[in-house]
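Structural characterization, general
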Amino acid sequence: MDEHLEANRRHWDELVPIHVRSKLYKLEGFKAGRCTLDDIEREGLGEVSGKSLLHLQCHFGLDTMSWARLGAKVTGADFSEEAIALARSLAEELDIAADFVCSDLYDLPKNLDGVFDIVFTSHGVLTWLPDLGRWAEVIAHFLKPGGVFYIVESHPTAHIFDDELETPELKVRYPYFHQEPMRFEDEGSYADPSADVQHKTTYEWMHPLSEMINSLIAAGLRIESFNEYPFCAWKMLPFMVQDDDGCWRFPDGNQSVPLMFSLRAVKETMPLMAETS
Ligand SMILES: C[S@@+](CC[C@H](N)C(=O)[O-])C[C@H]1O[C@@H](n2cnc3c(N)ncnc32)[C@H](O)[C@@H]1O
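Procedures and definitions
- Numbers given to residues run from 1 along each chain, matching the order in which its sequence is written.
- Residue-level local features of this predicted model are given only where pLDDT is at least 70; pairs of side-chain atoms are given and counted only at 80 or more, and the full residue set underlies all totals for whole chains, interfaces and linings.
- The basis for every side-chain value is the complete set of non-hydrogen atoms in the structure, without hydrogens or water.
- By the criteria applied, helices consist of DSSP H or I runs no shorter than four residues and strands consist of E runs no shorter than two, each listed in order from the N terminus.
- Working rule for helices: expected span equals 1.5 Å times residues minus one.
- Burial classes follow relative accessibility: with a 1.4 Å probe on protein chains only, a residue under 20% of its type's maximum area counts as buried, one over 50% as exposed, and anything between as partly exposed.
- Arc definition: directions from the helix axis to the C-beta atoms.
- Paired strands are those between which DSSP finds at least two bridges.
- Axis definition: a line fitted to C-alpha atoms, over the contacting stretch in the case of helices. Angles run 0 to 180 degrees between N-to-C directions.
- Contacts are assigned to residue pairs with any non-hydrogen atoms lying within 4.5 Å of each other.
- Any carboxyl oxygen of Asp or Glu that lies within 4 Å of a side-chain nitrogen of Lys or Arg is treated as forming a salt bridge with it.
- A 1.4 Å probe that fits into a set of points on a 1 Å grid over the protein atoms alone but cannot get out defines a cavity; an open set with protein on both sides within 12 Å along at least five of seven lines defines a pocket, and lining residues are those with an atom within 4 Å of a point.
- Grid points are joined across faces, edges and corners, and a volume is the space filled by probe spheres set on the points.
- Put simply, Ala, Val, Leu, Ile, Met, Phe, Trp, Tyr, Cys and Pro go in the nonpolar bin, Asp, Glu, Lys and Arg in the charged bin, and everything else, Gly too, in the polar bin.
- By convention in these notes, a residue is near a molecule or strand provided one of its non-hydrogen atoms lies within 4 Å of it.

Turning our attention to helix α5 (residues 81-94). When the terminal C-alpha atoms of α5 are compared, their 20 Å separation across 14 residues agrees well with the 20 Å that a helix rising 1.5 Å per residue should span. For α5, the full list of buried residues reads A83, I84, L86, A87, L90 and A91. Along the axis of α5, the buried residues cluster in a sector spanning 160 degrees; they form a single face. In α5, those exposed residues whose orientation departs by more than 90 degrees from the buried face are E81, E92 and E93. D95, located one to two residues past α5, shows a positive phi value of around 55 degrees.

Read across the open sheet, the 7 strands follow the order β3-β2-β1-β4-β5-β11-β8; overall the sheet is mixed. The sheet is open, and its two edges are formed by β3 (98-102) and β8 (221-229), each paired on a single side. On average, each strand axis in the sheet is tilted by 15 degrees relative to the strand beside it, whichever way the strands run. Alignment of β8 against strand β11 (residues 260-267), held across 8 bridges, turns out to be antiparallel. Bridge pairing links E228 to F261 in β11. Docked against the sheet, helix α4 (residues 62-69) engages β1 (52-56), β2 (73-78), β3 and β4 (116-122), running at close to 175 degrees with respect to β2.

Proximity of charged atoms lets side chains of opposite charge pair with each other. As enumerated under the stated definition, the model contains 13 salt bridges in all. The salt bridge involving D107 is made with K110; its shortest N-O contact spans 3.5 Å. Note on D107: relative accessible area 29%, which makes it partly exposed. Classification of K110 as exposed rests on a relative accessible area of 68%. A salt bridge links R173 to E164, with the nearest nitrogen and oxygen atoms 3.2 Å apart. Taking the relative accessible area as the measure of exposure, R173 reaches 38% and is therefore partly exposed. Judged by relative accessible area, E164 falls into the exposed class, the value being 54%. In this structure, a network of salt bridges that share partners links the residues D162, D163, E164 and R173.

On to empty space enclosed by the protein, then. A complete count under the given rule lists 1 cavity of 30 Å³ or more for this structure. For the largest cavity, the calculated volume is near 90 Å³. Around the largest cavity, the lining comprises 13 residues; the ones closest to its centre are L126, S154, P156, H159 and H207. Where the lining of the largest cavity is concerned, the elements lending two or more residues are β5 (143-154) and α8 (209-218). Here the residues of the lining of the largest cavity are counted per class, giving 8 nonpolar, 4 polar and 1 charged.

In this section: the site of the ligand. Taken together, 17 residues lie around the ligand, and H59, D78, D104, L105 and S122 are the ones closest in. In terms of residue class, the shell around the ligand is made up of 7 nonpolar, 7 polar and 3 charged.

Set out below in structure tokens:
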């Protein structure tokens, strides 16, 4: 595995036991039946009962198992062995039918057979991937013709701002257009900022929206809907405030920047035909 992805995997392995104890993931509530999917995710995919669903970068599987509780036949995939081991043990403990595969996203076609009605991924996934062209090909590989891809993710525009300023200022710190991996040495994690994380070094990639959209189109997906939101699922910047709906926003009704997006696409049933005269 590439050295950047290897560093990221060590980091994610270490975060799993921290996250499972964190208030953010509310494991006890999940065990008692709480659905971890938000309204946007549920409405975006609609009825999933009886459908096969592949969840990419599933972490320790709470969202994957929430789709299973809604009737989908689920498979979750993630490159963290710790995450997949925990997901499997939770599924067994809670008697939820769910398969989990440990694999780097780009190696998944070698490690998982079959095609799915739905490929789903959400919240904090794209910056960990160096190449969205290959990401989109993996999605197309696993979709049945006519199958649906759905993503809800933080908006790349919101990633350019200084994430250490406590005051509500938007100061550009990171480039929107940037090919090289960016190295971080952050303390803690989004689920527990005070956690003592040893494997701090991570590498992340900026991906303009156009890169994601063009990658999906090139892989043979037709975009059905694309939405942007002035709120997101976690505290991306220190001065953001959480509303009663659990979403994080800029204070004082400030809606100047898109913070999250969702996209739904369908795998074309027929190869695109060149027009003949
Ligand atoms: C922010 S988490 C996703 C969180 C998830 N949506 C949730 O709510 O729990 C990102 C996940 O991507 C996984 N990941 C990062 N790079 C990966 C790669 N190259 N292949 C597979 N999984 C990867 C990490 O292990 C981690 O579980």
